[in-house]
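Below, each chain spelled out in residue letters.
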Amino acid sequence: MDKIPSVDLRDFLSGDPERKQKFVNEIGKAYEEIGFVALKGHFLDEKLVDDLYGEVKNFFELPTETKQKYEIPGIGGQRGYVGFGKETAKGFKKGDLKEFWHFGQYVSDDSKYKSQYPDNVTVEELPKFNEVGKETYQMLEKTGKYVLRALALYLGLDEFYFDDKIAEGNSILRPIHYPPITEEPDDAVRAAAHGDINLITLLMGSQGKGLQVQNHKGEWIDAIAEPDELMINVGDMLSRHTNNKLKSTIHRVVNPPRELWGTSRYSIPFFMHPVSEMSLNALENCVDETHPKLYEDTTAGEFLHERLIELGLIKK
């Protein structure tokens, strides 16, 4: 496959059984073959997207010392600001050429997860930043819920199999700023080749060149969405849970041509995580004689902790 397939969530939501099944088949096939789709018909409207990009740019243009106020020690970068070059892809020594922010799950005071999740961090200098971030988080979470319902059907599970596993899940919205490149990068790239940790990732901001996906032949192909599309890919948790039936695909963000080094790039992925106690053990109907079990049993929480250590965000 040398192009990312495009699907439309409105088919799934149409109430027409044929259109719904068409969506299930299309997204399931794409996730078996390349692990990525471009999705139309999501729940983000144009104004919300514009507002979010405006607030994100405002934040990253703040002075470095102001941004560093929001770098919270001891939580593995799971909320607030993470400074330039702090995250390193698994297997790489050079830090990625990016800085980013994390919005996390919003839970009520009486939720059992209140004590498990760090509080979200409020940016005092930008009164709308957190409000717009929360609304975007919730619309992407809603979109992801329906994508997972379609995948549950594709896998032969109950349509609502994932619902209770993602309700109050440990999901993260990550606005990323790739600053202008001011000197020879010395082998560092904006985001080195990696697979995502979570169930699925919903990515805003992949309209320009930069994001590349490795297909099953080992070839790198450009993943470019239309302005009204989200790029959505399978993460390692879902790949493990389906015994690699649905593929978590290696991807990267390459540096632009030298003539564009002076430009910033913004990208906003939503990493959809389940609750930490979700079992990632291989689904029974994804294991047989020709597809032996590939991964050890684990939970989402254990797997996330292990990967955050590998990324350098948690110290052993």
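Residue positions within a chain follow its written sequence, with the count starting from 1. Per-residue local features of the predicted model are confined to residues with pLDDT of at least 70, and side-chain atom pairs are confined, for both listing and counting, to 80 or more; whole-chain, interface and lining totals are unaffected and use all residues. Remark: hydrogens and water are excluded; side-chain values derive from all non-hydrogen atoms of the structure.

The name that an unreviewed UniProt entry assigns to the protein is Flavonol synthase, with the source organism given as Chryseobacterium aquaticum. In its Sequence similarities (unreviewed entry) section, UniProt records this for the protein: "Belongs to the iron/ascorbate-dependent oxidoreductase family." UniProt positions are given in the numbering used here, feature names are shortened, and annotations may be inferred rather than shown by experiment.

Peer 1: I keep staring at the environment of Leu 304 and nothing clicks. Help me out?
Peer 2: A run of H or I in DSSP counts as a helix once it spans at least four residues, and a run of E counts as a strand once it spans at least two, with each numbered from the N terminus. Within the fold, Leu 304 resides in helix α8 (residues 300-310). Here the alpha-carbon distance between Leu 304 and Tyr 161, two residues 143 residues apart in the chain, equals 21 Å. Contacts are residue-level and defined by heavy atoms, with any inter-residue pair within 4.5 Å sufficient. In contact with Leu 304, other than residues within four places in its own chain, are Asn 170, Ile 197, Met 237 and His 273.

Peer 1: Would you explain the nonpolar core in this entry?
Peer 2: Inside soluble globular proteins, nonpolar side chains tend to come together where they are buried. Judged by nonpolar contacts, the single largest core of 81 residues is most densely connected at Tyr 31, Phe 59, Trp 101, Leu 151, Ile 200, Met 231 and Ile 232. Apart from residues lying up to four places away in sequence, Leu 151 is in contact with Ile 27, Gly 28, Tyr 31, Ile 200, Leu 238 and Leu 246. Among the buried residues, those of types Ala, Val, Leu, Ile, Met, Phe, Trp, Tyr and Cys that are joined through side-chain atoms within 4.5 Å form a nonpolar core. Exposure categories follow from relative accessible area, calculated using a 1.4 Å probe and restricted to protein chains: below 20% of the type maximum is buried, above 50% is exposed, and the middle band is partly exposed.

Peer 1: Mind showing me how you'd approach the pairing of strand β13 (residues 265-272) here?
Peer 2: Remark: a regular strand shows side chains that alternate across the two faces of the sheet. Counting buried residues in β13 gives 8 out of 8 residues, a clear majority hidden from the surface. Burial along β13 is two-sided: Arg 265, Ser 267, Pro 269 and Phe 271 facing one way and Tyr 266, Ile 268, Phe 270 and Met 272 facing the other are all buried. For two strands to pair, DSSP has to find at least two bridges joining them. In terms of strand pairing, strand β5 (residues 172-173) meets β13 through 2 bridges, oriented antiparallel. Paired with Leu 173 across the bridge in β13 is Phe 270. In this sheet, β13 lies alongside strand β6 (residues 176-178) in antiparallel orientation, the contact comprising 3 bridges. Note that in β13 the partner of Ile 176 across the bridge is Ser 267. Where strand β8 (residues 200-204) meets β13, 5 bridges bridge the pair, whose relative direction is antiparallel. Bridge assignment links Leu 202 to a residue of β13, and that residue is Phe 270.

Peer 1: Where do I start with the packing of helix α3 (residues 46-60) against helix α5 (residues 129-154) in this structure?
Peer 2: Between two packed helices, what matters for the description is the angle formed by their axes and the separation of those axes. Here an axis means a line fitted to C-alpha atoms, over the contact stretch when the element is a helix, while the angle between two N-to-C directions is reported on a 0 to 180 degree scale. The interhelical angle for the contact between α3 and α5, taken along N-to-C directions, is 135 degrees, at an axis separation of 9 Å. By the angle class used here, α3 and α5 are oblique. Every pair of crossing elements has a handedness; the one defined by α3 and α5 is left-handed. The segment α3 lies against α5, with Leu 48, Asp 51, Leu 52, Glu 55, Val 56 and Phe 59 engaging Phe 129, Val 132, Gly 133, Glu 135, Thr 136 and Met 139. Roughly parallel means an angle under 35 degrees; roughly antiparallel, over 145; roughly perpendicular, 65 to 115; everything else is oblique. Put simply, a crossing is left-handed when the front helix is turned counterclockwise from the back one by less than a right angle, and right-handed when it is turned clockwise.

Peer 1: Please explain unusual backbone geometry as it appears in this structure.
Peer 2: Excluding glycine, a negative phi dihedral is what most residues carry, and trans is how most peptide bonds are arranged. One non-glycine residue with positive phi stands out, namely Asn 243, at about 55 degrees. Among the secondary structure elements, Asn 243 is positioned in the loop between α7 (236-241) and β12 (251-253). Under the relative-accessibility criterion, Asn 243 is labelled buried at 6%. Positive phi, normally seen in glycine, also occurs at Asn 244, with a value near 70 degrees.

Peer 1: What exactly am I supposed to notice about the pattern of salt bridges here?
Peer 2: Two side chains bearing opposite charge may form a pair once their charged atoms approach each other closely. We count a salt bridge whenever a side-chain nitrogen from Lys or Arg sits within 4 Å of a carboxyl oxygen from Asp or Glu. Applying the stated criterion across every chain, the model contains 21 salt bridges. Of the charged contacts in the structure, one is a salt bridge between Lys 22 and Glu 26, with a shortest N-O distance of 3.2 Å. With Lys 22 and Glu 26 both in helix α2 (residues 17-33) and 4 residues apart, this pair spans about one turn of that helix. Here Lys 112 ties to Glu 277 by a salt bridge, and the two come within 3.5 Å at their closest N and O atoms. One end of the pair, Lys 112, is in the loop between β4 (99-102) and α5; the other, Glu 277, is in the loop between β13 and α8, with 165 residues separating them in the sequence. Under the relative-accessibility criterion, Glu 277 is labelled partly exposed at 42%.

Peer 1: How should the side chain of Arg 79 be read in this particular structure?
Peer 2: Along the polypeptide, Arg 79 turns up in the loop between α4 (64-68) and β3 (80-82). Setting aside residues no more than four positions away along its own chain, Arg 79 makes contact with Ile 72, His 102, Gly 104, Gln 105, Tyr 117, Pro 118, Asp 119, Asn 120, Val 121, Asn 170 and Ile 172.

Peer 1: Even after reading the chapter, I still don't get the packing of aromatic side chains, so can you show me in this structure?
Peer 2: What describes a pair of aromatic rings is the distance from one ring centre to the other and the angle between the planes of the rings. Any two of the Phe, Tyr and Trp rings considered here, Trp counted by its six-membered ring, make a pair once their centres fall within 6.5 Å; the pair's planes then place it as stacked at under 30 degrees, edge-to-face at over 60, or tilted in between. Tallying each qualifying case throughout the model produces 14 aromatic pairs. Plain terms: the ring middles of Tyr 137 and Phe 270 are 5.0 Å apart, the flat faces sit at 90 degrees to each other, and that makes the pair edge-to-face. Of this pair, Tyr 137 sits in helix α5 while Phe 270 sits in strand β13, and the two are 133 residues apart along the sequence. Residues Tyr 137 and Phe 270 agree in their burial class; the two are buried. Put simply, the rings of Phe 59, Phe 60, Tyr 70, Tyr 81, Trp 101, Phe 103 and Phe 129 pair up and form one aromatic cluster. Each ring is checked for a lysine NZ or an arginine CZ that lies within 6 Å of its centre and within 35 degrees of its normal; such an atom marks a charge sitting over the ring. Sitting above the plane of the Phe 100 ring, Arg 174 keeps its charged end 3.8 Å from the centroid.

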